[in-house]
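# Structural overview for review
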Amino acid sequence: MLQEGGSKRREAGEQLVKGMGGRLEAHDYAMGNNDFVIIVDLPSNVDAAALSLAVNASGAVESRAKVLITPEEVDQATKKTVKYRPPGS
């Protein structure tokens, strides 16, 4: 970062995401426990997992992926029946 600057890292990330058929929606730096927050739109969760695995395997950064879903997807989820038994029940 000190050598390339924040803009160059954002450009590199944008090219990586575009190469996977996705779009970089936000790339911001933060202070605290997380150094940056990146929001991407990728074709699938498999693509997101592949990207996360590759970035983490580099050893240069430690990332955590969080899948976001739309309110409409939540509506769909509420209509599904799930047969779940809590542990110990």
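To start, this report covers the structure provided alongside it. (Residues numbered from 1 in each chain as written. Predicted model: local features only at pLDDT ≥ 70, side-chain atom pairs only at ≥ 80, totals over all residues. Heavy atoms only, no water.)

### Some remarks on the overall build of the protein chain
Note the threshold: Helix numbers and strand numbers start at the N terminus; a helix is a DSSP run of H or I with at least 4 residues, a strand a run of E with at least 2. Radius of gyration here uses only the C-alpha atoms, and the compact-globule reference equals 2.2 Å multiplied by the residue count raised to the power 0.38. Computed by Shrake-Rupley with a 1.4 Å probe, the accessible areas treat only the displayed protein chains as cover when residues are assessed. His is not counted here, nor are the chain ends, while Lys and Arg score as positive and Asp and Glu score as negative. By convention, the charge on Lys lies at NZ, on Arg at CZ, on Asp at CG and on Glu at CD.
When its secondary structure is counted, the protein chain shows three helices and two strands. Put simply, the protein chain runs from its N terminus to its C terminus through helices and strands in the order α-β-β-α-α. Relative to a compact globule of 89 residues, whose C-alpha radius of gyration would be 12 Å, the protein chain shows 17 Å and is clearly more extended. Dimensions along the principal axes, computed over C-alpha positions, put the protein chain at roughly 55 × 30 × 25 Å. Carbon and sulfur atoms form 54% of the exposed surface of the protein chain, whose accessible area is close to 7700 Å². Charge separation in the protein chain, taken as the distance between the mean sites of 11 positive and 12 negative side-chain charges, equals 7 Å.

### As for helix α1 (residues 5–19)
Structurally, the α-helix is built with 3.6 residues per turn, so residues lying three or four positions apart point the same way. Operational definition: A helix is expected to span 1.5 Å multiplied by its residue count minus one.
Between its first and last C-alpha, α1 extends 22 Å over 15 residues, near the 21 Å set by a 1.5 Å rise per residue. In the stretch just after α1, G21 is the one whose phi turns positive, near 85 degrees.

### Thoughts on the pairing of strand β2 (residues 36–41)
Using the following cut-off: Strands are labelled as partners when DSSP assigns at least two bridges between them.
Taken together, the six bridges between strand β1 (residues 23–29) and β2 define a ladder with antiparallel strand orientation. Each bridged residue has a counterpart across the sheet, and for D28 the counterpart in β2 is V37. Hairpin geometry of β1 and β2 is characterised by an intervening segment of six residues between the two adjacent antiparallel strands and by a positive phi of about 130 degrees at G32.

### Here we look at the pattern of salt bridges
Going by this rule: Salt-bridge detection follows one rule: a side-chain nitrogen of Lys or Arg within 4 Å of a carboxyl oxygen of Asp or Glu. Note on classification: 1.4 Å probe, protein chains only; a residue is buried when its accessible area is under 20% of the maximum for its type, exposed when over 50%, partly exposed between these limits.
Evaluated as defined, the whole model comprises three salt bridges. A salt bridge links R23 to D41, with the nearest nitrogen and oxygen atoms 3.6 Å apart. With R23 in strand β1 and D41 in strand β2, this residue pair connects regions lying 18 residues apart in the sequence. A relative accessible area of 47% places R23 in the partly exposed class. One connected set of salt bridges, linked through shared partners, spans R23, E25 and D41.

### Some details on the side chain of S52
Rule in force here: Here, residues are in contact when the closest pair of their heavy atoms is within 4.5 Å.
Mapped onto the fold, S52 is located in helix α2 (residues 45–57). When its relative accessible area of 17% is taken as the criterion, S52 is described as buried. Apart from the residues within four sequence positions on either side, S52 is in contact with S63 and A65.

### Observations concerning α2
What counts here: Identification of polar contacts relies on pairs of N or O atoms within 3.5 Å, with a donor-acceptor requirement for protein atoms, meaning one able to donate a hydrogen and the other able to accept it, and with residues adjacent in sequence counted only if both atoms are side-chain atoms.
Spanning 13 residues, α2 covers 18 Å between terminal C-alpha atoms, matching the ideal 18 Å at 1.5 Å per step. Where α2 begins, the side chain of S44 points an oxygen toward the backbone nitrogen of V46, at a separation of 3.3 Å. Looking at the residues trailing α2, positive phi occurs at G59, about 80 degrees.

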